[in-house]
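A structural walkthrough
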Amino acid sequence: ARHYTTGTTLLALATVFKLHPILAIPLVLTWQTKTQGLRKTLPSLASTTTILTLGLLAPLTLPGYSETILGFNLSTGFGNGTSSFTILNLFYAILPHTTNLTLPLQTINQIWIIATTTLFTTILLTVRANARTIHPVDIALLGLLALLLPLRQLYTQYIVWATIPFLMRGRIRETI
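None of the values given here were measured: they were computed from a predicted structure.

**Observations concerning the overall build of the protein chain**
Scanning the protein chain from terminus to terminus reveals nine helices and zero strands. Ordered by position from the N terminus, the helices and strands of the protein chain form the series α-α-α-α-α-α-α-α-α. Every one of the 176 residues in the protein chain was classed for burial, and the buried ones make up 35%. Sequence-distant contacts in the protein chain: of pairs separated by 6 or more residues, those separated by 24 or more amount to 66%. Summed over its atoms, the accessible surface of the protein chain is roughly 10,700 Å², and 69% of this surface lies on carbon and sulfur atoms.

**Quick look at the environment of T116**
For T116, the location among the structural elements is in helix α6 (residues 105-129). Along the chain, T116 and L23 lie 93 residues apart, while their C-alpha atoms are 9.6 Å from each other.

**Quick notes on the nonpolar core**
In terms of nonpolar packing, the biggest core is built from 21 residues, with I25, L27, W31, V127 and I139 touching the most fellow members. Of all the elements in the fold, those that place two or more residues in this core are α1 (4-17), α2 (24-36), α3 (38-57), α6 and α7 (136-148). In terms of residue count, the dominant contributor to this core is α2 (six residues). Setting aside chain neighbours within four positions, we find I25 in contact with L11, A12, T15, T48 and L52.

**A closer look at the packing of α1 against α2**
At a minimum axis separation of 10 Å, α1 and α2 run at an interaxial angle of 165°. As far as their axial angle goes, α2 and α1 are roughly antiparallel. Here the hand of the crossing between α1 and α2 comes out left-handed. On α2, the residues touching Y4, T8, L11, A12 and T15 of α1 are A24, I25, V28, L29, W31, Q32 and Q36. In terms of residue class, the contact of α1 with α2 is built from eight nonpolar, four polar and no charged.

**Section: the packing of aromatic side chains**
Throughout the structure, instances matching the rule amount to one aromatic pair. Summarising the aromatic geometry, the rings of Y4 and W31 are spaced 5.3 Å apart at their centres and angled 90° between planes, so their arrangement reads as edge-to-face. Remark: W31 occurs in helix α2 and Y4 occurs in helix α1; sequence separation between them is 27 residues. Its relative accessible area of 24% is what places Y4 among the partly exposed residues.

**So, α2**
Every α-helical turn comprises 3.6 residues, leaving residues that sit three or four positions apart pointing alike. Across its 13 residues, α2 extends 18 Å between first and last C-alpha, which sits within 8% of the 18 Å expected from 1.5 Å per residue. One or two positions beyond α2, positive phi appears at G37, with a value near 95°.

**A short note on a nonpolar patch on the surface**
Together, L10, L13 and F17 line one region of the surface with nonpolar side chains, adding up to about 350 Å² of accessible area. On the secondary structure map, F17 appears in helix α1.

**Focus: the side chain of S47**
Inspection of the secondary structure assignment puts S47 in helix α3. At 3.2 Å, the side chain of S47 forms a polar contact with the backbone oxygen of S44. Discounting residues that sit within four places of it in the chain, S47 has contacts with T5, T8 and T9.

**What about the side chain of T41?**
In this fold, T41 is placed in helix α3. Apart from the residues within four sequence positions on either side, T41 is in contact with L29, Q32, T33 and Q36.

**Considering the packing of α2 against α7**
Two elements in contact, α2 and α7, have axes separated by 8 Å at closest approach and are oriented at 150°. By the angle between their directions, the pair α2 and α7 is classed as roughly antiparallel. When you trace α2 past α7, the crossing you get is right-handed. Each of A24, L27, V28 and W31 in α2 lies in contact with α7, whose residues at this interface are P136, I139, A140, L142 and G143.

Analysis parameters
For every chain, the first residue of the written sequence is number 1, and numbering continues from 1 along that sequence. At least 70 in pLDDT is required for a residue's local features to be given in this predicted model, at least 80 for side-chain atom pairs to be given and counted, and no such filter applies to totals for whole chains, interfaces and linings, which use all residues. Working from all heavy atoms in the structure, the side-chain values ignore hydrogens and water. Counting from the N terminus, the helices are the DSSP runs of H or I reaching at least four residues and the strands are the DSSP runs of E reaching at least two. Whether a residue is buried, partly exposed or exposed follows from its accessible area with a 1.4 Å probe, protein chains only, as a fraction of its type maximum: under 20%, in between, or over 50%, in that order. Whether two residues touch is decided by their heavy atoms; if any such pair falls within 4.5 Å, the residues are in contact. Residue-level accessible areas treat just the shown protein chains as cover; the underlying method is Shrake-Rupley with a 1.4 Å probe. Here, nonpolar core refers to any group of buried Ala, Val, Leu, Ile, Met, Phe, Trp, Tyr and Cys residues whose side-chain atoms link them within 4.5 Å. Axis geometry follows a simple rule: fit a line to the C-alpha atoms, using only the stretch in contact for helices, then measure angles between N-to-C directions, giving values from 0 to 180 degrees. If an angle is under 35 degrees, it is roughly parallel; if it is over 145, roughly antiparallel; if it lies from 65 to 115, roughly perpendicular; otherwise it is oblique. The hand of a helix crossing depends on one turn: near helix anticlockwise from the far one by less than a right angle means left-handed, and clockwise means right-handed. Three categories are distinguished: nonpolar for Ala, Val, Leu, Ile, Met, Phe, Trp, Tyr, Cys and Pro, charged for Asp, Glu, Lys and Arg, and polar for the others, with Gly belonging to the last. Ring pairs are drawn from Phe, Tyr and Trp, using the six-membered ring of Trp, whenever the two centres fall within 6.5 Å, and their geometry is named by plane angle: stacked under 30 degrees, edge-to-face over 60, tilted for the rest. Each residue after the first adds 1.5 Å to the expected span of a helix. Residues qualify for a patch when their relative accessible area is over 30% and they have no salt bridge, like charges being joined within 9 Å and the nonpolar side chains of Val, Leu, Ile, Met, Phe, Trp and Tyr within 5 Å. The salt bridge definition used is simple: a Lys or Arg side-chain nitrogen within 4 Å of an Asp or Glu carboxyl oxygen. Here a polar contact means two N or O atoms within 3.5 Å. Within protein one must be a hydrogen donor candidate and the other an acceptor candidate, and residues neighboring in sequence count only if both atoms are side-chain atoms.

Dropping the structure here:
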C-alpha cells in the first residue's frame, strides 16, 4: 500500500510521455479509493492530477499540440488499416470491400470514441464492483485493453507493453 502513490505518480508521468496509459489512471484511482478509502488515496490523486495538468493540459495552449495528440489517436484516414488487426479494420477495409459502403472519416472517429467510451465505462464499473478481489496489475491491464481494442492501428510494441503487467504478477504460465 505504501507504493501506491509512487505507482500512480509514475503512471501519470508515463502518460505525459506516451498517452496510452491514460485510461488506466482512473481505473487505478477508483480501485485505490474503493480499497484504501478517499483519505489514503488523496496523495495519489494530488500527484496524478498535478502531473497530468502540467504535462497534458498546460501544453494545450501551444499551437498545434491538440491537433497532434488528437490526430495521432483518432483516425487519420491514411492507409487502409489492414497492417494489423483492430476493431476499426471493419470500417477501414472489410465493409468498404465487401459491401461498397465507405464511411466518412468523421463517422469512423465517432465510432472509435463510442467504442472506447463504452468499453472503458464497462471496465470502470467492473473495477468498482470487484475492487476487493481484483489485483492492481489487472486493473492496469484492463486500462490498456480499453485503449488497445478500439485503437485504429496496433503495433508490435503494444503487445510487448501488454505482457509487462503479466510479468509483474510473477505467474509465468499465465504470461505465456
